[in-house]
Amino acid sequence: MARKGVDLLAPIMRELGEGFELRYTGGVLAEADKSAMPSNMHDLGLLSNDGVIVAMQQADAFLFPSRSEGFGLVAAEAMACGLPVIATNSASLPEIVEDGVTGLLCPRDDIRAFATAVRMLANDTRLRESMANAARHSVVKHFSVLPMIDAYVRLYVAAHAISA
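Residues numbered from 1 in each chain as written. Predicted model: local features only at pLDDT ≥ 70, side-chain atom pairs only at ≥ 80, totals over all residues. Heavy atoms only, no water.

Student: Explain the nonpolar core to me, and be specific about the residues and the numbers.
Tutor: Grouped together as the largest cluster of nonpolar side chains are 20 residues, with contacts concentrated most on M41, L63 and I86. Of all the elements in the fold, those that place two or more residues in this core are α1 (6–16), β1 (22–24), β5 (103–106) and α5 (111–123). Each residue touching I86, except ones within four places of it in the same chain, is listed here: A61, F62, L63, F64, L104, C106, F114, A117, V118 and L121. Counting 17 residues, the second largest nonpolar core, distinct from the first, contains A87, L105, A135 and V139. (Core = buried A, V, L, I, M, F, W, Y, C linked by side-chain atoms within 4.5 Å. Buried < 20%, exposed > 50% of the residue type's maximum accessible area, 1.4 Å probe, protein only. Helix = DSSP H or I, 4+ residues; strand = E, 2+ residues; numbered from the N terminus. Contact = heavy atoms within 4.5 Å.)

The following block contains the structure:
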């Protein structure tokens, strides 16, 4: 899962230390890697869709050091749950996560930058809450059903006007 940056999670958590906790969904696939993970990483196992939503709603932020994303659906899902997203500043993620507004974007593979971003949100409750609210608002505004239907209707009308 190098493409998703999973290999960066343990180094980031080591950099952060025991005052921080990462909960992740690994299940059987992550079993072989557990012995190399720091004690501040906790596998929730495989969760149902509802279980993922509950886990996200109980979190403070979403750490997503992915190296390659076609869309970044999981980042949008985390934002829909009211989480600021700490993600890589590459691929499609800057189109979803607005740096400093709905989350924080870090250079690819920069463990220190990710740890710094986590600490920033942990140490500034107002900033974290502001980003959480902005994240939820952004997803509702751009990715909920009604704006998408409006966009499809505008596209259809424009295409129809061109062919007429």
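Student: So what's going on with a nonpolar patch on the surface? Which residues, and what values?
Tutor: A cluster of nonpolar side chains, V145, L146, I149, V153, Y156 and V157, forms an exposed patch at the surface whose accessible area comes to about 620 Å². Relative to the helices and strands, V145 resides in helix α7 (residues 145–163). Under the relative-accessibility criterion, V145 is labelled exposed at 58%. (Patch = residues over 30% accessible without salt bridge, like charges linked within 9 Å, V, L, I, M, F, W, Y side chains within 5 Å. Areas by Shrake-Rupley, 256 points an atom, 1.4 Å probe, with all protein chains shown as cover. Salt bridge = Lys/Arg side-chain N within 4 Å of Asp/Glu carboxyl O.)

Student: Outline unusual backbone geometry, supporting the account with residue identities and numerical values.
Tutor: Positive phi, normally seen in glycine, also occurs at A91, with a value near 55 degrees. Here A91 lies in the loop between β4 (85–88) and α4 (93–96). Classification of A91 by relative accessible area gives partly exposed; the value is 48%. Although it is not a glycine, D109 sits at a positive phi angle of roughly 65 degrees. Here D109 shows up in the loop between β5 and α5.

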